[in-house]
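Residues per chain are reported as follows:
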Amino acid sequence: MSTEAVMAAFDGQQEIELTVTGRKSGRQISRPVWFVQEEQSMFLVPVTGSDSHWYKNVRRTPMVQVAANGTSVSAPATPITEPDQVDHVVAMFRDKYGADQVASYYPKHDVAVQVPLG
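Residues numbered from 1 in each chain as written. Predicted model: local features only at pLDDT ≥ 70, side-chain atom pairs only at ≥ 80, totals over all residues. Heavy atoms only, no water.

Taken together, the six bridges between strand S1 (residues 16–21) and strand S2 (residues 28–33) define a ladder with antiparallel strand orientation. Directly across from Glu17, in S2, lies its bridge partner Pro32. With antiparallel pairing between neighbouring strands as the criterion, S1 and S2 make up a hairpin whose turn holds six residues, including Gly26 at a positive phi of roughly 75°. (Pairing = 2+ DSSP bridges. Helix = DSSP H or I, 4+ residues; strand = E, 2+ residues; numbered from the N terminus.)

Let us look at the sheet that holds strand S4 (residues 41–44). Read across the open sheet, the four strands follow the order S3-S4-S8-S7; overall the sheet is antiparallel. A strand with exactly one partner marks an edge of an open sheet, and here the two such strands are strand S3 (36–38) and strand S7 (78–80). Neighbour-to-neighbour, the strand axes of this sheet turn through a mean angle of 30°, independent of strand direction. Pairing geometry for S3 and S4, over three bridges, is antiparallel. Counted as the bridge partner of Gln37 is Met42 from S4. The sheet strands contacting helix H2 (residues 53–60) are S4, S7 and strand S8 (112–116), and the helix crosses S8 at an angle near 55°. (Axes fitted to C-alpha atoms, helices over the stretch in contact; angles between N-to-C directions. Contact = heavy atoms within 4.5 Å.)

Just distances and angles here, no functional claims.
As structure tokens, then:
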């Protein structure tokens, strides 16, 4: 499937299912998360920032799966820790979900994650 087709499948979705590998259990763990897309990537912000368990799992095992609307992609996730880049991703979240929602659901935004879609 082309990158454009993958991005189109996720476009308009409010959340995706993120599957990570547990850093202690080694099991697949899935959870719904909010996301934004830019260029050929998906960006995620952990609710409790670098303290989020799924973020810690990604640090240990970067390969993740994102799925929505019948489309699934497995790709290596890249943590983003540079403050200006994290702020850019959080700004995209505010644009998509509303500043009040992001402020109430994301009390700590010191990191983000990039997942390539192509």
